[in-house]
Amino acid sequence: MRRMKLMLVVAVVLTLLMPGSMLFAKRHNVMVFGSSGDAVRLDPADVTDGESIQRMDNIFEGLVEYQRYTTEVKPALATSWEMSKDGKEIVFKLRRGVKFHDGTPFNADAVVFSFARQYDPNHPYNQYGEWAYWGYMFYDVDRMEKIDNYTVKLVLKRPNASIMTSLAMFTVNIVSPANAKKWGEDAFRNPVGTGPFKFVEWVKDDHITLVANEDYWRERPKLDQLIFKVIPDPSARLLALEVGEVQGIEYPNPADFKRIKANKNLVLRSEPGMNVGYMAMNSGYGYKDKNKNGKRDADEPLEKTPGYHEALTKVKVRKAIQHAIDKKAIVDHIYMGTASVAKNGMPPFMLGYNDAIEDFKYDPELSKRLLREAGYPNGFEVTLYVMPVSRPYMFDPPKIGEAIQGYLGAVGIKVNFYQVDWGTYLQETEAGKHQMCLLGWSGDNGDPDNFLNVLYGPNAANIGASGNYSFYSDREAQKHLDEALLTYDVNERAKHYKIVQEMLHEDAGWVYLAHSNQSLVFNKNVRGYVLHPTTRKFFREVWID
């Protein structure tokens, strides 16, 4: 009997140690990642927020992708491409033998479907999305054509110097046409791509579960299961990591860095981020992109935004707000040295950064004088939208909101807070319902157009799908942004971008707060994770040691 018990114990131990064992897999090949918020949608073409993107980057893939450490482009679902001499056509050879998670084949029809549903208002699936990013980054695309089952041609309306880096963005990841037809308007809840992980379930505001794609065209991912767990509070995220409920977290509180570094079981990974955090002031007027072509046409006049506030329409008032806020104190005491003060709307290392611009200095007395000159000697009352989630450019929005509230209160401007869930927050700010809002941006492709055009371009002041949350509308600025994309001469592009930054500074619609480091914390046994400049999160090559 004793011998039988011993044999049973040995058998159980051997079972636990077998690589194929479910118990082994559950213990060693499951990654739970603590996210600050939930996804909004799981359709790569119909989102603008990082929480949705980090889930989808592990489900979907595009024709091209970024190198592991840079924004240089390499093949993915396309094996090669060739651009015409005039820069207006790109022919892609597609990878053969790739299947979507639903078993249907990846081919030219899937590529055309994934693009056309965004740019063609008559496409039967165009009705199921806002396609905001298409308007931000791909308005120069005329069409995607099928040449044969494994060859497609992208036709541009005009040359676009950033198009190849833009094609590595999530927006043009390829979706399964069969899955779209199966689910219709609910396809965003049931995502099917070609990526390393397959979607299993989405429990709203709790978790999203993915499993390894056993039929992946590349090497199977090392993780068996990848779970994104929603934990909004930074302290709660760290505690969950410390007790082993999760194996990694995003946006740690800089106040906890010393505690993290002292824990031998944790690893803090941090490097400069390609981002900007800001407060936008709604200047009152935007336009409605009726034909969804990503630009303001002659028959699309400016109209009042839902968040119109007369005081904020005045440049002197916006400059008064600029001078009232001590950005250095915010960076020193809230970001705690994990960021640098921002004076322009894009990071200093990018092409065309205008370092000659002199930032608005902190000067409350000057702020009060400007308010008097603008007709507001006693100040006014305004509402500030405060993000409910941590972001790579702003890990603690409520604290920053409180600081701004205090600074503006000191010059006579009473600030009221408005908070709502993340998905609604984005919808309402894109619709221009805010008066002022905290937001920011992590660069998608390493190109200045991805900041200056997407965030501040007049074409992006589209009420309902805006990326320009100040609703800045100077057509001359848009002309410079368009010209910068038409040339491949980097010096010429830089000249246009420097002029636009001067114009934006003079309009004063954004209080640029900080360029923050991107920081993640992992259990020491997590291997293979690489911080990407875009802050996108790829887990294909991650494993638990």
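Located above this text is the structure these notes cover.
Cut-offs used in this document
Residues numbered from 1 in each chain as written. Predicted model: local features only at pLDDT ≥ 70, side-chain atom pairs only at ≥ 80, totals over all residues. Heavy atoms only, no water. Helix = DSSP H or I, 4+ residues; strand = E, 2+ residues; numbered from the N terminus. Rg over C-alpha atoms; globule rule 2.2 N^0.38 Å. Buried < 20%, exposed > 50% of the residue type's maximum accessible area, 1.4 Å probe, protein only. Contact = heavy atoms within 4.5 Å. Areas by Shrake-Rupley, 256 points an atom, 1.4 Å probe, with all protein chains shown as cover. Lys, Arg positive; Asp, Glu negative; His and termini not counted. Charge placed at Lys NZ, Arg CZ, Asp CG, Glu CD. Salt bridge = Lys/Arg side-chain N within 4 Å of Asp/Glu carboxyl O. Polar contact = N/O pair within 3.5 Å; in protein donor to acceptor, adjacent residues only side chain to side chain. Axes fitted to C-alpha atoms, helices over the stretch in contact; angles between N-to-C directions. Left-handed = near helix turned anticlockwise from the far one by under 90°. Nonpolar A, V, L, I, M, F, W, Y, C, P; charged D, E, K, R; others polar. Pairing = 2+ DSSP bridges. Parallel < 35°, antiparallel > 145°, perpendicular 65-115°, else oblique.

What about the overall build of the protein chain?
When its secondary structure is counted, the protein chain shows 17 helices and 22 strands. By the compact-globule yardstick of 24 Å for 545 residues, the protein chain fits well, its C-alpha radius of gyration being 24 Å. Along the three orthogonal principal directions, the C-alpha set of the protein chain runs to about 95 × 60 × 40 Å. Across the 545 residues in the protein chain, those meeting the buried criterion constitute 60%. Considering only contacts in the protein chain between residues 6 or more positions apart, those separated by 24 or more positions represent 69%. For the protein chain, the exposed surface amounts to about 22,400 Å²; the carbon and sulfur share of it is 51%. In the protein chain, 67 side chains carry a positive charge and 69 a negative one; their mean positions are 5 Å apart.

Brief notes about the pattern of salt bridges
Overall, the coordinates contain 37 salt bridges when judged by the stated rule. Each of Asp-38, Glu-51, Arg-55, Lys-204 and Arg-391 takes part in a single network of salt bridges with overlapping partners.

Focus on the side chain of Asn-58
Structurally, the position occupied by Asn-58 is in the loop between helix H3 (50-56) and strand E2 (64-66). Exposure remark for Asn-58: the relative accessible area of 1% places this residue in the buried category. Here Gln-54 takes part through its backbone oxygen, which lies 2.9 Å from a polar atom of the side chain of Asn-58. Not counting residues within four places of it along the chain, the set of residues in contact with Asn-58 comprises Gly-195, Pro-196, Phe-197, Leu-210, Leu-226, Phe-228, Lys-537, Phe-538, Phe-539 and Arg-540.

Notes on the packing of helix H15 (residues 449-456) against helix H16 (residues 475-486)
H16 packs onto H15 with a crossing angle of 150 degrees between their chain directions and a minimal axis gap of 11 Å. Of the two possible hands of crossing, H15 and H16 adopt the one that is left-handed. Contacts between H15 and H16 involve Asp-449, Leu-452 and Asn-453 from the first element and Gln-478, Leu-481 and Leu-485 from the second. For the contact of H15 with H16, the residue count by class is three nonpolar, two polar and one charged.

Describing the sheet that holds strand E7 (residues 151-156)
The four strands lie next to each other as E4-E5-E7-E6, forming an open sheet whose pairing is antiparallel. This sheet does not close on itself; its edge strands, each paired only once, are strand E4 (78-83) and strand E6 (141-148). Recorded for the sheet is a direction-independent mean angle of 20 degrees between the axes of neighbouring strands. Note that E6 and E7 share six bridges and pair antiparallel. Bridge pairing in E7 links Lys-146 to Val-152.

Some thoughts on the pairing of strand E19 (residues 436-442)
Along E19, seven of the seven residues are buried, which leaves the element largely enclosed by surrounding structure. Across seven bridges, the pairing between strand E13 (residues 275-281) and E19 is antiparallel. Its bridge partner being in E19, Met-281 is matched across the sheet by Met-436.

Some details on the side chain of Asn-253
If you trace the backbone, Asn-253 turns up in the loop between strand E11 (248-250) and helix H9 (257-262). The buried category is assigned to Asn-253, whose relative accessible area is 10%. Among the polar contacts listed, one links the side chain of Asn-253 to the backbone nitrogen of Ala-255, at a separation of 2.9 Å. Sequence-distant contacts of Asn-253, defined by excluding residues within four places in its chain, comprise Pro-234 and Phe-395.

Some remarks on H15
Most of H15 sits inside the fold, with eight of its eight residues counted as buried. Turning to H15, its buried residues are Asp-449, Asn-450, Phe-451, Leu-452, Asn-453, Val-454, Leu-455 and Tyr-456. Residues of H15 that are buried sit in contact with helix H5 (132-137), E13, E19, H16, helix H17 (490-507) and strand E20 (510-523).

Notes on the packing of H16 against H17
Where H16 meets H17, the closest approach of the two axes is 8 Å, and the angle between their N-to-C directions is 160 degrees. Considering their axes alone, H16 and H17 lie roughly antiparallel with respect to each other. For H16 against H17, the interelement crossing comes out left-handed. Within the contact between the two elements, H16 uses Glu-476, Ala-477, His-480, Leu-481, Glu-483, Ala-484 and Leu-485 and H17 uses Arg-493, His-496, Tyr-497, Ile-499, Val-500 and Met-503.

Some words on unusual backbone geometry
A positive phi angle, close to 55 degrees, is found at Met-336, a residue other than glycine. As for its position among the elements, Met-336 is in the loop between helix H11 (327-333) and strand E16 (339-341). Taking the relative accessible area as the measure of exposure, Met-336 reaches 37% and is therefore partly exposed. If you check the backbone angles, Ala-508 has positive phi at about 60 degrees while not being a glycine. Tracing the backbone through its elements, the reader meets Ala-508 in the loop between H17 and E20. Since its relative accessible area comes to 1%, Ala-508 is described here as buried.

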